[in-house]
Every structure is written in structure tokens, then in C-alpha cells.
Amino acid sequence: MKLSSLGTYLAALLLGAGGAALAQAPQPQQAPFAANPFVFPIKPGTQNFLSGSMGEIRPNHFHGGIDIKTEGKIGLPVYAAGDGYISRVKVSSYGYGYIIHVTHPNGLVTTYAHLSQFVPALADYMLGLQYEKKSFEVEAFFNESQFPVKKGDVIAFSGNTGGSGGPHLHFEVRDTKDNLLNPLRYGFTEIVDQIPPTVYNFALNPQGIDGRVNGEFTRREFTPVKQGSVYTIGDTISAAGLLGLEIQAIDQYNGAANTNGVQAMELRINGETIYRHTIDGVPFNKQRQVSAHINFPVLKLNNRAFQRLYVADGNTLPIYEIDANRGRFRIEEGKVYEVVADLLDSYKNTSQLRFFIKGESSAYKALATPKVVKPKIGHEVMGSILKITVADTATEARNLDLYMGNYKYAVIPSYTTSAGSVYLYNLIGGLPDSAEVAGIKARFPFSHMVPPNTEYLYSNRFLDITFAEKSLYDTLILQTDRDANDVFSINNPLTTLFQPAKVTIRPSKLPADKSKAAVYSLGWGRGAGFLGGTWNGDAITFSAKDLGKFKVLSDTVAPTIKLASKSPNQISFRIKDNLSGIASWSCEVNGQWLLLKWEHKASLLTSEKLDKTVPLKGDVVLRVKDAMGNEAVFTTKI
């Protein structure tokens, strides 16, 4: 499908014309309204600064709004962006922390998160609800007559609650389908942006078995230099086959050093637009698909976010306009290709990446002579392609034998580098169990091939896995293992899931007390993340949001409690747990329940009285439980 240029497309939409956009494409960055229906929620009418933008890449989600700086302070007034009513309020120590949702007559909903406190009437209501339910974490829904607001009303005060890493206001705009809209599409003059995006690096990634970049089947990165407003490289890249382009870039705003996300990108090959995305209108329930929008392994391994300018098969985000190849492009031998990518921020500041590719042959060639001390076979899986590298003492590359049970297949070498001869095989054709060349043999850990878009059960002697219909973005080459320490491996944490998989594992060594034992994810570092699980005989079943390494661990140690302060007005405690994490707490003063607000970042519980005029006095009993039911009890007197 041939697409129009991005500038023409945006102009057409702003003027109300149709254009060549796909039906599911989002609205452009700027609002379709004649005038901005909202006021800015922090210090309206004065210049503000952002620490986060819409669509910014986070490890497991798109940033769904804007983060407005609050001068490093807590307690700035937060204003209702428009007329409407407070429709939903939630109090939590995690995620959004204290959050307000305001529903407006035009159907849009604005949200205000990480608040420190609500205005008095709403604060009193929520406090009463906490005492009624005897719970710190509460959520309330309201009708339009309970808490109506006018544009510019103070509804709360800024804070640092929930998952916030510092004082700020997180502000969102959602439509009637709970799609997250870019708040900057409304053209707030409080934010000044005259700075175009900055391109750090780009990468070319082979998308088929004949794909080559500078002669190799490998993802290769390039660092462009800026010449005027164009980023480019001096050399023409040699490539072949089907490729995908990835770009690492950031955006910035006037007066702020923070690095933010780039709003929109378009890709043109020899003048024809084949791909466009605008990070706007992101469905709230599909934010996790950010892991399909970016090169997720590079983000996790190197902390660098490369946005893909091609769409993975399982990516269903409605933010793209693509051609039949989903943004991938084919390079033919002997032809020269001009590759141009435009990058736009929310205020239409534009940067351009431009370079050239010359088509090469994907036939066998020796790029270098291997330096072999000892013959060996290595392998990696790139998508569905098995890449085997053989360091051989022979002067000429030999054929490789792949074994599938009793069947043997000969694979010819694709090219030779200083690391050895490389052999490529598409695993869709069947999963080999081993490979052999010149008497050297290597075994592969492949367990099964799991198709996407279907519920699928896999079982072996030590585990069962049920993938939901929407768990996988693409066909999964399943790799499973259980080592001598009862660590269960399912692929690795670089393999992401959209919907969780149900996993049952059967440890070879059972815990002494199953009621205190649960499954933990061993993740990336030395820590263990509590996942829980339900025992059925000698097996335990749990839900896995990500693949990786898992182990059953026992937690028999109760949380620790330390008194932080006490007075007739307030009492506070510091609590910690060694493994499974804090699950619940309850405090009583002379037998009467007392609300303790939980701030997990400081491991702090702080009291708030229902009746501020009545002093705290008498016997205090605090009970804290971890996720495995271990309980600690602390007593004192006020």
C-alpha cells in the first residue's frame, strides 16, 4: 500500500480531509477541536515543564500521559482540566498511588495521579470509606451529582505516591473506550517545545533467512551524525533480503534536561512511505504490547529503547499505518535504496534520518578466515531462524548435518566470518535435536513449537504450561529445563507474553511445609520476585506474566516492625519482609481499628485518625503479615 507523506497526512487531518490513513490509525498529535477544551492542571497560564511524555518507553508499558514537574515539591494545587464530575477515586501504595478520574461532558476522562491528598470533602469521604472497609487501599465510583467540578477548580494536591520516582503530577486524557490520548494534542501553551527529536542510533535487523547486513545475518547498529536537521552516515550500507529498521531516539522540551519519547515516526524507501506510527490513542489494556513495538531484548540487556519501524505479527496496537510487508522492506542485488525516516514530536518539530543501502548477493561468501584453536559449535535463535556458528579447522566450509530423531538433513554454509562458518535454518520446518560437523556434535534445548493465537497446552515430566489464546505475539520455540537445584527454566526473560501463561511445576525436592512455600521468579538479578501458587499434591501451579527462571522457595520468617514515632496525634512504624513481601497489616488502639497509610518506597506505615479531635491514647497492637501468612505482632502504649 502506498502511503502519503507524513506532512501531507497531518495537514489533511488538521483540515478535516480524509487522506490515505488506515481505518484503525490514530488521530494526529494536535486536537481536532477548534479550541482547547482544557486548562492545564498545574500552574495554568504559566510555563510548565515535563519530566515524561506520552508514549515514552517504559520496561513493560507505554507511558500513558504526561508527567508535569512540581518544582520538586509536594502539595501544589491540582486543577480540574474541564467541567465535569469526579467519577472515580483510588488510593493505593503502588501504581498511580492516589488518583482522581474526572469525566467531562464531551465523554473524555482526565486523570490526576501520584497525589498527596484530596480536597477536604473528597478526602473526608475516602477516609470514611477506609474506616468502613478497614483497609488502606480503597476505590470509589461516583455519579455526576456527588462531586461535580468546574474547569479550574482545585481538586487535589500534587504528591509522590504510588510508583512515582519523585514529586510530580501524572496527567492523562482517555476517551470513552479507555484509549490513552496524548494530552499535548490539545496544544497547551504552558509547555514550550522548539527542540526536534535527537537520533542516537539506528539498526537494521534481518527479517528472513536471506537477510544480510554487511554480509551477515545479524542485527547491526549504526551511529549517525547530524548535518543540519538530517542525521546520516558517510558510508553506503551493503545489505540483502528482507530487513526491518529500528531507531533509538529521544525528545526534549525547552527548559528541561529530561529525555522523553518521540511521538511519531514515518519510513520511506525510495520516496514511497511504507510505515507510519503515532503513539496516541493507545488502548489502556494493550500498553503491555510496548514489548512488541520495541526491540525488547536490547532494552532489557542494554537499557536502550529502539522503536521498530515495522510491526511484529502479534502486535495489535492501533497506532500504525503499514504496507503489505508491515513496514519491512526487501533489498535486491545491484539496486541502490534511499532510506528516509522522519521523526516528529507533539509540537511537530521534525528530525530526519537518511542513509543509503546497496543490494548485495546473499550467496555464500567468506568474509574472513576463522582463527580456530579448538573446533566448537555455537548457536542462537533469532526469531524463527536457528543460527549455528561452527569454528572448524578445515580450510573450506563444510556442510552441517542437522538431526531430527533418526532423520538427517544437510545444511550448506551461508557465509564465513572470523568466528567461524555460519549456517541458517528456519525452525518452522521442524525442531532439530542436534547438529554435527566433522565429528563435533551439539545438542539443542528445543522442546516444542507453540503457535500464537490459540490456547495451547505443553507438558513434560517436570512441568505443564498452558498458553492463553493471546499469550504469544508470534510462534514460540519453546525451551524448558530443570536443573539440579530445582530451578525451572522456560526460555528466558527476553521472551515476553501479552497475556499470562498458567504454569505447573513439579520440584524433585519438596519443601518441608508447603503452606510456607511458593514460586518465585529469579528474574534478572539476585533478588526473587514472589509469584505465589497453589499446591496440588506434589505440584504447584502459578501464573507467569513473563518467561524465565522459576524456583520454589520457603518463607518462614515473619516481617520486622520498628516504631518510628508516636504521639497523641500520630504513630508510625517501619516494616520490612525478607522474601514474600508485606501482604496485610492491622492496627488497633484500645481495641479500635486505626488506619495506617502504607508508603512502600519508605517502608513506612503512618496513622490517620478518623476523628482528628480525639487523641491516640492507650494500648497499641500492630499485626503485620507477609504473603505466606507469617505474622509479626508489635505492642506499645501511647
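In the block above lies the structure referred to throughout.
Nothing here was measured: the structure is a model prediction, and the numbers come from that model.

Draft legend 1. Expanded view of the overall build of the chain. Per the secondary structure count, the chain includes four helices and 55 strands. Computed over its C-alpha atoms, the radius of gyration of the chain comes to 28 Å, within 12% of the 26 Å expected for a compact globule of 638 residues. Taken over the C-alpha atoms alone, the chain extends approximately 90 × 70 × 40 Å along its principal axes. The contacts of the chain with a sequence gap of at least 6 include a subset with a gap of at least 24, amounting to 68%. For the chain, the exposed surface amounts to about 28,000 Å²; the carbon and sulfur share of it is 50%. Considering the chain, the positive charge centre built from 65 side chains and the negative charge centre built from 58 side chains are found 4 Å apart.

Draft legend 2. Region of the structure containing unusual backbone geometry. Phi angles above zero are rare outside glycine, and Asn 270 is one such case at about 50°. Within the fold, Asn 270 resides in the loop between β21 (264–269) and β22 (272–278). Positive phi, normally seen in glycine, also occurs at Asn 491, with a value near 50°. Its place among the elements puts Asn 491 in the loop between β42 (488–490) and β43 (496–505).

Draft legend 3. Seen up close, the side chain of His 114. Residue position: His 114 is located in strand β8 (residues 109–115). When near neighbours in sequence (up to four residues on either side) are disregarded, His 114 contacts Gly 95, Tyr 96, Gly 97, Tyr 98, Ser 158, Gly 159, Asn 160, Thr 161, Gly 163, Ser 164, His 168 and His 170.

Draft legend 4. Structural context of the environment of Lys 509. As for its position among the elements, Lys 509 is in the loop between β43 and β44 (517–521). Between the alpha carbons of Lys 509 and Thr 560 there is a distance of 29 Å; along the sequence they are 51 residues apart. Those residues within four positions of Lys 509 in sequence are excluded, and the remaining contacts are Ala 484 and Asp 486.

Draft legend 5. View of the packing of aromatic side chains. Scanning the entire structure with this criterion turns up 20 aromatic pairs. Here the aromatic rings of Tyr 125 and Phe 147 are separated by 6.0 Å at their centres, their planes lie at 85°, and the arrangement is edge-to-face. One end of the pair, Tyr 125, is in helix α2 (residues 120–133); the other, Phe 147, is in the loop between β10 (138–141) and β11 (148–149), with 22 residues separating them in the sequence. The class for Phe 147 is buried, based on a relative accessible area of 16%.

Draft legend 6. Region of interest: the pattern of salt bridges. The final tally for this structure, using the stated rule, is 31 salt bridges. The salt bridge partner of Lys 514 is Asp 538, with a shortest N-O separation of 3.3 Å. Residue Lys 514 is found in the loop between β43 and β44, and its partner Asp 538 is found in the loop between β46 (534–536) and β47 (539–546); the two are separated by 24 residues along the sequence. The class for Asp 538 is partly exposed, based on a relative accessible area of 46%. Within this structure, Glu 266, Arg 268, Arg 276, Glu 321 and Asp 342 form a network of salt bridges that share partners.

Draft legend 7. Summary view of the sheet that holds strand β48 (residues 548–554). The six strands are arranged β38-β41-β42-β48-β44-β45 in an open sheet whose pairing can be described as antiparallel. Looking along the sheet, the strands with just one partner apiece sit at the ends: β38 (446–450) and β45 (529–532). Looking at each pair of strands side by side, their axes are set apart by 30° on average, direction ignored. Two elements, β44 and β45, share three bridges in a ladder whose sense is antiparallel. Pairing of Tyr 520 across the sheet is with Phe 530, part of β45.

Draft legend 8. Examining the pairing of strand β36 (residues 434–437) more closely. Relative to β36, strand β32 (residues 400–404) runs antiparallel, the two being bridged by three bridges. Across the sheet, residue Tyr 403 finds its bridge partner in β36, namely Ser 434. As consecutive antiparallel partners, β36 and strand β37 (residues 440–443) are separated by two residues, and within that stretch Ala 438 has a phi angle of approximately 50°, a positive value.

The rules behind each value
Starting from 1, residues in each chain are numbered consecutively following that chain's sequence as written. Where totals are concerned, whole chains, interfaces and linings use all residues; where local detail is concerned, this predicted model gives features only for residues with pLDDT of at least 70, and gives and counts side-chain atom pairs only at 80 or more. Calculation of side-chain values draws on the structure's entire complement of heavy atoms; hydrogens and water are dropped beforehand. Numbering of helices and strands starts at the N terminus; helices are DSSP runs of H or I of at least 4 residues and strands are runs of E of at least 2. Radius of gyration: C-alpha atoms only; globule rule: 2.2 Å multiplied by the number of residues to the exponent 0.38. Contact between two residues is taken to exist if any of their heavy atoms lie within 4.5 Å; hydrogens are not considered. Only the protein chains shown count as covering a residue, and every accessible area follows the Shrake-Rupley method with a 1.4 Å probe. Working convention for charge: Lys and Arg count positive, Asp and Glu count negative, and His plus the chain ends are omitted. Taken as the charge centre is NZ of Lys, CZ of Arg, CG of Asp or CD of Glu, depending on the residue. Only Phe, Tyr and Trp rings take part, Trp by its six-membered ring, and two of them pair if their centres are within 6.5 Å. Stacked means planes under 30 degrees apart, edge-to-face means over 60, and tilted covers everything else. Relative accessibility thresholds used throughout: buried, under 20% of the residue-type maximum; exposed, over 50%; partly exposed, between the two (1.4 Å probe, protein chains only). Each salt bridge in this description consists of a side-chain nitrogen of Lys or Arg and a carboxyl oxygen of Asp or Glu lying within 4 Å of one another. Any two strands with at least two DSSP bridges between them are considered paired. The angle between two axes is taken between their N-to-C directions and runs from 0 to 180 degrees, where each axis is a line fitted to C-alpha atoms and a helix contributes only its stretch in contact.

Any link to function would need more than the numbers given here.
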